[in-house]
Amino acid sequence: MIKIYGMDTCPDCTYIDSQVTDHSNYEIIDIGKHVKSLKAFLKLRDSHPAFDEAKKVGAVGIPCFVLEDGTVTLSPEEAGLKAKPISEGATCNLDGSGC
């Protein structure tokens, strides 16, 4: 099963969520629903190099995908999904732009 860390207030995450509805090989973990989920995500984010670039630019690093083999990626394509097209709007940025 592929784990997807995200939030229901993140436009990129909701784009991914719409692709996995009714697909049992994906588990959506909303880090905004329970502190336990947030802590699990932060532990991963704080220690895994997959987040280095996201942290440099002030991004949260969601949606995040943990593949069945344990690979951590921020690429929807590596999880068999499609990324939100740039033409559909910018993602949320630390400076408040994009959302």
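Residues numbered from 1 in each chain as written. Predicted model: local features only at pLDDT ≥ 70, side-chain atom pairs only at ≥ 80, totals over all residues. Heavy atoms only, no water.

Mind laying out the side chain of Thr 73, listing which residues take part and the relevant values?
Tracing the backbone through its elements, the reader meets Thr 73 in strand 4 (residues 72–73). With a relative accessible area of 6%, Thr 73 lands in the buried category. Here Glu 78 takes part through its side chain, which lies 3.3 Å from a polar atom of the side chain of Thr 73. Beyond its immediate stretch of four places on either side in the chain, Thr 73 contacts Cys 64, Phe 65, Leu 67 and Glu 78. (Helix = DSSP H or I, 4+ residues; strand = E, 2+ residues; numbered from the N terminus. Buried < 20%, exposed > 50% of the residue type's maximum accessible area, 1.4 Å probe, protein only. Polar contact = N/O pair within 3.5 Å; in protein donor to acceptor, adjacent residues only side chain to side chain. Contact = heavy atoms within 4.5 Å.)

If you had to explain unusual backbone geometry to someone new, which residues and values would you point to?
Of all residues except glycine, most have a negative phi; of all peptide bonds, most are trans. For the bond from Ile 62 to Pro 63, the omega torsion is 0 degrees, close enough to zero to count as cis. Looking at where Pro 63 falls in the secondary structure, it is placed in the loop between helix 3 (52–56) and strand 3 (64–66). If you check the backbone angles, Asp 22 has positive phi at about 70 degrees while not being a glycine. Position of Asp 22 among the secondary structure elements: in the loop between helix 1 (11–20) and strand 2 (26–30).

Requested: an account of the environment of Leu 74, with residues and values cited.
If you trace the backbone, Leu 74 turns up in the segment after strand 4. Counting along the chain gives twelve residues from Leu 74 to Ile 62, while the straight-line C-alpha distance between them is 7.0 Å. Those residues in contact with Leu 74 that sit more than four places away from it in its chain are Ala 50, Phe 51, Ala 54, Gly 61, Pro 63, Cys 64 and Phe 65.

Please provide a residue-by-residue account of the sheet that holds strand 3, values included.
Remark on secondary structure: sheet strands pair via backbone hydrogen bonds, oriented parallel or antiparallel. A sheet is described by the order of its strands in space; here four strands give the open sequence 2-1-3-4, paired in mixed fashion. Both edges of this open sheet fall to strand 2 and strand 4, since each of them pairs with a single strand only. One ladder, built from five bridges, connects strand 1 (residues 2–6) with strand 2; its direction is parallel. In the strand pairing of strand 2, Gly 6 is matched with Asp 30. Packed on one face of the sheet, helix 2 (residues 35–47) meets strand 1, strand 2, strand 3 and strand 4 and runs near 100 degrees to strand 1. (Pairing = 2+ DSSP bridges. Axes fitted to C-alpha atoms, helices over the stretch in contact; angles between N-to-C directions.)

Give a detailed account of the environment of Leu 44, specifying residues and quantitative values.
Inspection of the secondary structure assignment puts Leu 44 in helix 2. The residues touching Leu 44, leaving out its near neighbours within four places in the chain, are Tyr 5, Phe 51, Cys 64, Val 66 and Val 72.

Run through helix 1, naming residues and quoting values.
The α-helix winds at 3.6 residues per turn, so residues separated by three or four positions along the chain end up facing the same way. When helix 1 is considered as a whole, its buried residues turn out to be Asp 12, Cys 13, Ile 16 and Val 20. Viewed along the axis of helix 1, the buried residues span an arc of 95 degrees, placing them on a single side of the element. Close packing links the buried residues of helix 1 with strand 1, strand 2 and strand 3. Downstream of helix 1 by a residue or two, Asp 22 has a phi angle that is positive, lying close to 70 degrees. (Arc of directions from axis to C-beta.)

Describe the packing of aromatic side chains, listing the residues and the values that go with them.
Evaluation of the coordinates by the stated rule reveals two aromatic pairs. Arranged with centres 5.8 Å apart and planes meeting at 45 degrees, the rings of Tyr 5 and Phe 41 form a pair that is tilted. Highlighted residues: Tyr 5 in strand 1 and Phe 41 in helix 2, separated in sequence by 36 residues. Considered together, Tyr 5 and Phe 41 belong to a single accessibility category, that of buried residues. Plain terms: the ring middles of Phe 41 and Phe 51 are 5.7 Å apart, the flat faces sit at 85 degrees to each other, and that makes the pair edge-to-face. Within this pair, whereas Phe 41 is found in helix 2, its partner Phe 51 is found in the loop between helix 2 and helix 3, the two being separated by ten residues in sequence. Both residues of the pair, Phe 41 and Phe 51, count as buried. An aromatic cluster is present here, built from Tyr 5, Phe 41 and Phe 51 joined pairwise through their rings. (Phe/Tyr/Trp six-rings, centres within 6.5 Å; stacked < 30°, edge-to-face > 60°.)

Nothing here speaks to function; it is all geometry.
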